[in-house]
Amino acid sequence: MSESTTLREFEAKRAGLASESLELCDGFNKFSDECSFLCDAFAAVARDPACITPETSEGIWYVCYKLKMQIRSYRDQIDEIHNGLRALKVNLNSEDD
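Criteria and cut-off values
Going along each chain's sequence as written, the residues are numbered from 1 onward. Per-residue local features are limited, in this predicted model, to residues with pLDDT of at least 70; the limit for side-chain atom pairs, both in listing and counting, is 80 or more; totals at the level of whole chains, interfaces and linings are taken over all residues. Water and hydrogen atoms were dropped before computing side-chain values, which therefore reflect all heavy atoms in the structure. Elements are defined by DSSP. Helices are runs of H or I of four residues or more, strands are runs of E of two residues or more, and each kind is numbered from the N terminus. With C-alpha atoms as the basis for the radius of gyration, the globule rule is written as 2.2 Å multiplied by the number of residues raised to the power 0.38. Under the scheme applied here, a residue whose accessible area is under 20% of the maximum for its type counts as buried, over 50% as exposed, and between as partly exposed, the area being computed with a 1.4 Å probe on protein chains only. In this scheme Phe, Tyr and Trp rings, the latter by its six-membered ring, pair at centre separations within 6.5 Å, and the angle between planes marks the pair as stacked below 30 degrees, edge-to-face above 60, and tilted otherwise. We call a set of buried Ala, Val, Leu, Ile, Met, Phe, Trp, Tyr and Cys residues a nonpolar core when their side-chain atoms join them within 4.5 Å. Candidates for patches are residues over 30% relative accessible area with no salt bridge; among them, like charges are joined within 9 Å and nonpolar side chains (Val, Leu, Ile, Met, Phe, Trp, Tyr) within 5 Å. In short, Shrake-Rupley with a 1.4 Å probe defines the accessible areas, and a residue's cover is counted only from the protein chains shown. Within this document, salt bridges are pairs made up of a side-chain nitrogen of Lys or Arg and a carboxyl oxygen of Asp or Glu, the two lying within 4 Å of each other. None of His or the chain ends enter the tally, which takes Lys and Arg as positive and Asp and Glu as negative. Note that the charge is assigned to NZ on lysines, CZ on arginines, CG on aspartates and CD on glutamates. Any two cysteine sulfur atoms lying within 2.5 Å of each other are counted as a disulfide.

**Regarding the overall build of the chain**
And step 1. If you tally the helices and strands in the chain, you get two helices and zero strands.
And step 2. Its C-alpha atoms give the chain a radius of gyration of 21 Å, clearly above 13 Å, the size a compact globule of 97 residues would have.
And step 3. When its C-alpha atoms are laid out on the principal axes, the chain stretches across 70 × 15 × 15 Å.
And step 4. Buried residues in the chain amount to 11% of all 97 residues.

What follows is the structure, given as structure tokens:
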């Protein structure tokens, strides 16, 4: 394979990972704002334990579960980008040898 083809492939993969990273950052910023709102809401509910009905408790559990799943999704996406960058680095270094 020619050096220019390899360089184009490298640049295409790097650009793809950069795009994924930017999308992930945008999504995480929105998620962070939502978490801040939810923390304030949970704190307000905790200040008035009398308002914690079974429905409220179930709702809090559900929201916490969804947050946990979203955090795992972000972790997995970060791992994928990290692994992609690592692979690019390894390929670039092996071609330099």
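**A word on the packing of aromatic side chains**
And step 1. Applying the stated criterion to the full structure yields four aromatic pairs.
And step 2. Both rings, one in Phe-28 and one in Phe-31, keep their centres 6.1 Å apart while their planes meet at 45°; by these two values the pair is tilted. In this pair, Phe-28 and Phe-31 both sit in helix H1 (residues 3-47), three residues apart, roughly one turn of the helix.
And step 3. Summarising the aromatic geometry, the rings of Trp-61 and Tyr-65 are spaced 5.5 Å apart at their centres and angled 10° between planes, so their arrangement reads as stacked. Of this pair, Trp-61 and Tyr-65 both sit in helix H2 (residues 54-96), four residues apart, which is roughly one turn of that helix.
And step 4. An aromatic cluster of three or more residues is present, and its members are Phe-28, Phe-31 and Tyr-74.

**A short note on the nonpolar core**
And step 1. Among the nonpolar cores identified, the biggest contains nine residues, and these are Leu-17, Leu-24, Phe-31, Cys-35, Leu-38, Leu-67, Tyr-74, Ile-81 and Leu-88.
And step 2. A per-element tally of this core places H1 first, with five residues.

**Things to note about a negative patch on the surface**
And step 1. A contiguous patch of negative charge, built from Glu-20, Glu-23, Asp-26, Asp-79 and Glu-80, is present on the exposed surface.
And step 2. Looking at the negative patch, the element that brings in the most residues is H1, giving three residues.
And step 3. Tracing the chain through its elements places Asp-79 in helix H2.
And step 4. Residue classification places Asp-79 among the partly exposed positions, given a relative accessible area of 38%.

**Regarding a nonpolar patch on the surface**
And step 1. Residues Trp-61, Tyr-62 and Tyr-65 make up a contiguous nonpolar surface patch of about 360 Å² in total accessible area.
And step 2. If you trace the backbone, Tyr-62 turns up in helix H2.
And step 3. Judged by relative accessible area, Tyr-62 falls into the partly exposed class, the value being 46%.

**Remarks on the state of the cysteines**
And step 1. Across all of its chains, the model carries zero disulfides by this definition.
And step 2. Not part of a disulfide, Cys-25 finds its nearest cysteine sulfur in Cys-35, a span of 15 Å.
And step 3. Given the relative accessible area of 41%, Cys-25 is considered partly exposed.

**Quick notes on the environment of Glu-11**
And step 1. Examined against the element boundaries, Glu-11 turns out to sit in helix H1.
And step 2. A residue is classified by how much of its surface remains accessible, and Glu-11, at 36% relative accessible area, is partly exposed.
And step 3. Sequence spacing of Glu-11 and Leu-92 is 81 residues, and the spatial spacing of their C-alpha atoms is 11 Å.

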